[in-house]
Amino acid sequence: QVQLVESGGGLVQAGGSLRLSCAASGRTGSRYAMGWFRQAPGKEREFAAAISMSGGYTDYADSVKGRFIISRDNAKNTVYLQMNSLKPEDTAVYYCALASLRRLTTTLKDDYDYWGLGTQVTVSS
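The rules behind the values
Residues numbered from 1 in each chain as written. Predicted model: local features only at pLDDT ≥ 70, side-chain atom pairs only at ≥ 80, totals over all residues. Heavy atoms only, no water. Helix = DSSP H or I, 4+ residues; strand = E, 2+ residues; numbered from the N terminus. Rg over C-alpha atoms; globule rule 2.2 N^0.38 Å. Buried < 20%, exposed > 50% of the residue type's maximum accessible area, 1.4 Å probe, protein only. Contact = heavy atoms within 4.5 Å. Areas by Shrake-Rupley, 256 points an atom, 1.4 Å probe, with all protein chains shown as cover. Lys, Arg positive; Asp, Glu negative; His and termini not counted. Charge placed at Lys NZ, Arg CZ, Asp CG, Glu CD. Core = buried A, V, L, I, M, F, W, Y, C linked by side-chain atoms within 4.5 Å. Phe/Tyr/Trp six-rings, centres within 6.5 Å; stacked < 30°, edge-to-face > 60°. Lys NZ or Arg CZ within 6 Å of the ring centre and 35° of its normal.

Q: Help me out: how do you make sense of the overall build of the chain in this one?
A: Counting secondary structure elements, the chain contains 0 helices and 11 strands. For the chain, the sequential pattern of α-helices and β-strands runs β-β-β-β-β-β-β-β-β-β-β. Computed over C-alpha atoms, the radius of gyration of the chain comes to 13 Å, within 12% of the 14 Å expected from 2.2 N^0.38 for 125 residues, which places it in the range of a compact globule. The burial tally for the chain puts 42% of its 125 residues in the buried class. Looking at the chain alone, contacts between residues at least 24 apart form 59% of all its contacts between residues at least 6 apart. A total accessible area of about 6,500 Å² is found for the chain, and carbon and sulfur atoms account for 47% of it. In the chain, the 14 positive side-chain charges and the 11 negative ones have mean positions that sit 5 Å from each other.

Next comes the structure, spelled out in structure tokens:
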């Protein structure tokens, strides 16, 4: 089994920054892609960012492109999401996810096998 634990959420003013972390443990194997999704109240869970196994490829939703940066440290089995220039519409629960045996990025929820419990991000105007 694989466990994913997110941290770093909180309350921030519009224009501010936050850095989310997601630590993976258990039987992760060595080949997996990672992603961040988010879900605002009353809305579907949506893709935010993804990173390939090596970290060499990244993908972003249009709504966060240019403001968010995803990265990973494979030695620590940890993925990060640096969120800059935050807007009130970024308010959501942020989930990290792991796609086993996947080398490249994917934006599809169904491609991810494991999910964390989420961390709340609230951006005030």
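Q: Help me out: how do you make sense of the environment of V2 in this one?
A: Relative to the helices and strands, V2 is located in strand 1 (residues 2-7). Here the alpha-carbon distance between V2 and G116, two residues 114 residues apart in the chain, equals 9.6 Å.

Q: Looking at this structure, how should I read the nonpolar core?
A: Where a protein is soluble and globular, its nonpolar side chains tend to be buried together. Among the nonpolar cores identified, the biggest contains 35 residues, and L4, M34, W36, I70, L81, M83 and Y94 are the most heavily contacted of them. With 6 residues, strand 9 (residues 92-100) is the single largest residue contributor to this core. When near neighbours in sequence (up to four residues on either side) are disregarded, L4 contacts C22, A23, A24, M34, C96, A97, L98, Y114, W115, G116 and L117.

Q: Help me understand the packing of aromatic side chains in this model?
A: All chains considered together, the criterion is met by 4 aromatic pairs. Here F37 and F47 contribute two aromatic rings whose centre-to-centre distance is 5.7 Å and whose plane-to-plane angle is 75 degrees, an arrangement assigned as edge-to-face. A residue pair is termed long-range when its members are at least 10 positions apart, and F37 in strand 4 (residues 32-39) and F47 in strand 5 (residues 46-51) qualify at 10 residues. On the basis of relative accessibility, which here comes to 0%, the residue F37 falls in the buried class. Classification of F47 by relative accessible area gives buried; the value is 13%. Geometry around W115 places R45 over its ring, the cationic atom sitting 5.0 Å from the centre.

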